[in-house]
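Tertiary structure, described
Below, each chain spelled out in residue letters.
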Amino acid sequence: MFRKFVKPFNKCLGHPNGDELLWHTDLKPHVSGEFSIAVVQANSILEDQSQVLTSPSATYIGVYDGHGGPEASRFVNRNLFPLIDKYATEEGGISADVIKKAFQTTEDGFFQLVKLSMPIRPQIASAGSCCLLGIISNNELHIANLGDSRVVLGHKVLVNRKPKLVAERLSKDHNVSIVEVRKEVQAQHPNDSHIVVYCHGVWRIKGIIQISRSIGDFYLKKPEFNRDPYFMQHGNPITLNRPVLTAEPSIISRKLRPQDSFLIFASDGLWENLSDQEAVDIVQKYPRMGIAKRLVGVAIDKATKKRDLRYNDIKKLQKGIRRRFHDDITVIVIFLDQQMEPDNGTKLGSTSAPIDIFSCKEEKHQHLVEHK
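A brief structural summary. The residue numbers shown here count from 1 along each chain, following its written sequence. Residues qualify for local features only when their pLDDT is at least 70, as the model is predicted, and side-chain atom pairs are given and counted only at 80 or more; totals for whole chains, interfaces and linings, by contrast, use all residues. Note that water and hydrogens are dropped before the side-chain values are worked out from all heavy atoms of the structure.

1. Considering the nonpolar core
What makes a nonpolar core is a set of buried Ala, Val, Leu, Ile, Met, Phe, Trp, Tyr and Cys residues whose side-chain atoms join them at distances within 4.5 Å. Buried residues are those whose accessible area, probed at 1.4 Å on protein chains only, stays under 20% of the maximum for their type, while exposed residues exceed 50% and partly exposed ones sit between those limits. In this structure, L80, I84, F103, F110, V114, C131 and L133 are the most contacted members of the largest nonpolar core, which totals 33 residues. Residue contributions to this core peak at 9 residues, all from helix α1 (residues 71-91). Residue contacts are counted whenever heavy atoms from the two residues lie within 4.5 Å of one another. Beyond its immediate sequence surroundings of up to four residues, C131 is in contact with V63, Y64, V76, L80, F103, A144, N145, L146 and I215. Listed in part, the 28 residues of the second largest apolar core include V40, I264, I291 and V296. Numbering of helices and strands runs from the N terminus; a helix is a DSSP stretch of H or I covering at least four residues, while a strand is a stretch of E covering at least two.

2. Some thoughts on the packing of α1 against helix α2 (residues 96-117)
Axis angle and axis distance: for two packed helices, these are the angle between their axes and the distance between the axes, and together they describe the pair. Across the interface, α1 lies against α2 with an axial gap of 8 Å and an inter-helix angle of 140°. The pairing of α1 with α2 is recorded here as oblique in orientation. When the axes of α1 and α2 are compared, the crossing they make is right-handed. Between α1 and α2, the residues in contact are E71, A72, F75, V76, L80, L83, I84, Y87, A88, E90 and E91 and V98, K101, A102, F103, T105, T106, G109, F110 and L113, respectively. Classifying every residue of the contact of α1 with α2 gives 13 nonpolar, 3 polar and 4 charged. Helix axes use the C-alpha atoms of the stretch in contact, all axes being lines fitted to C-alpha atoms, and the angles between their N-to-C directions lie in the range 0 to 180 degrees. By definition in this entry, angles of less than 35 degrees are roughly parallel, angles greater than 145 are roughly antiparallel, angles of 65 to 115 are roughly perpendicular, and the rest are oblique. By convention, the crossing between two helices is left-handed when the near helix turns anticlockwise from the far helix through less than a right angle, and right-handed when the turn is clockwise. Only Asp, Glu, Lys and Arg are considered charged in this grouping, and only Ala, Val, Leu, Ile, Met, Phe, Trp, Tyr, Cys and Pro are considered nonpolar; every other residue, Gly among them, is considered polar.

3. Quick look at helix α6 (residues 276-285)
Side chains three or four residues apart in an α-helix point the same way, a direct result of the helix having 3.6 residues per turn. For α6, every residue scored as buried is listed here: D276, A279, V280, I282 and V283. One face of α6 carries all of its buried residues, which in axial projection span an arc of 160°. The inward-facing, buried residues of α6 abut β8 (150-159), β9 (162-169), β14 (260-266), α5 (268-271), α7 (291-305) and β15 (329-335). Picture the helix axis, draw a direction to every C-beta atom, and the arc is the one those directions span.

4. A look at the side chain of D217
Position of D217 among the secondary structure elements: in the loop between β12 (215-216) and α4 (229-234). A residue counts as positive if it is Lys or Arg and as negative if it is Asp or Glu; His and the chain ends are not included. By definition, a salt bridge exists where a carboxyl oxygen of Asp or Glu is found within 4 Å of a side-chain nitrogen of Lys or Arg. For the buried D217, no salt bridge is present, and the opposite-charge side chain at shortest range is K221, 5.6 Å distant. Think of a polar contact as two N or O atoms within 3.5 Å of one another; within protein, one of them needs to be a possible hydrogen donor and the other a possible acceptor, and neighboring residues in sequence only count if both atoms come from side chains. A distance of 2.7 Å separates a polar atom in the side chain of D217 from a polar atom in the side chain of H67. A polar atom in the side chain of D217 sits 2.7 Å from the side chain of S214. Excluding residues that lie within four positions of it along the chain, D217 makes contacts with H67, A125, S126, A127, G128, S129, I209 and L245.

5. Some words on the pairing of strand β2 (residues 33-40)
In terms of burial, β2 is largely enclosed, as 7 of its 8 residues are buried. Relative to β2, strand β1 (residues 22-30) runs antiparallel, the two being bridged by 7 bridges. Counterpart to P29 in the pairing with β2 is E34. When DSSP finds at least two bridges between two strands, those strands are taken to pair. The hairpin turn running from β1 into β2, its antiparallel successor, is 2 residues long. In this structure, β2 lies alongside β15, joined through 6 bridges in antiparallel fashion. Within β15, the residue paired with F35 across the bridge is I334.

6. Re the pattern of salt bridges
Scanning all chains against the criterion turns up 22 salt bridges. R169 serves as the salt-bridge partner of D173, at 3.7 Å between the closest nitrogen and oxygen. In this structure D173 comes out as buried when scored by relative accessible area, which is 7%. Residues participating in the shared-partner salt-bridge network are R150, R169, D173 and D276.

Here is the structure:
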């Protein structure tokens, strides 16, 4: 069904603040509100991928924070939404089972790609991605996630009889820096006293990775990869008797309420620098136009101040070098205008951030040169 509405209308936009590695769409409609997206690239290759898909009956939101390369996040970006739509059509609607099935099929599909790619790209066995999914359909919100990207709801409450907008975290971070997650992983591996190791100031599974759930990362899920001659030559083999990561998503479903104002979906690059409430306060305080870009800007400003620098100081830095100061950051703000009736005449389609922002800028520049 959704493929009928997939008419990408995102472009490489101009950057009035002078940041050549920032891409954004200020404001676009979804079936019962508006949304804003911004992405900034810090890595040599953009590892964050993101998308919003709208139809007359639903809005899909995806944030996929890759690591070890862009292959896993790009694969999820291409495949997850169509799979959910396929299974929802077969099952008669969105459900936790539909979402789990789509996640598992995405994981299985990427595994097949990794196996085929090993002889020429053995490093792909160490590519993985966090996966944060949101679906709004029939006034119900479904959230599923792997890893530590996060969705936060801004909703109204009465405090001393005065309305206040407060933050409510809707997703669960799967990161062993959190005591509960660390205990969960240790309980799953009672015979491995070194399943979680504290090194270089952080907790890591096997001393390698902080997240406990992902798409990909098959060298930490499939023992055979650490015996593969291609991977042993080019990768970082470890002794593995059983998977230490999983692709089982945490899922919540709940009805939207009149006091629910907006949702902030973001990769951990935002949450490393802003608390849930700080992000909600910014969205509440400033105009909607360009709000996702504003959140990215505040996060970068905070990250650079930790190094006694300013945002303006790092705008001139090249991709890759910039990773020393902040991560790739993706933010999607979804406004919930529940006073609006669903508008089947709203312009619908798909909005995805560029696969690589720097390349997108280069292509735009080349296009201008060729037409001078």
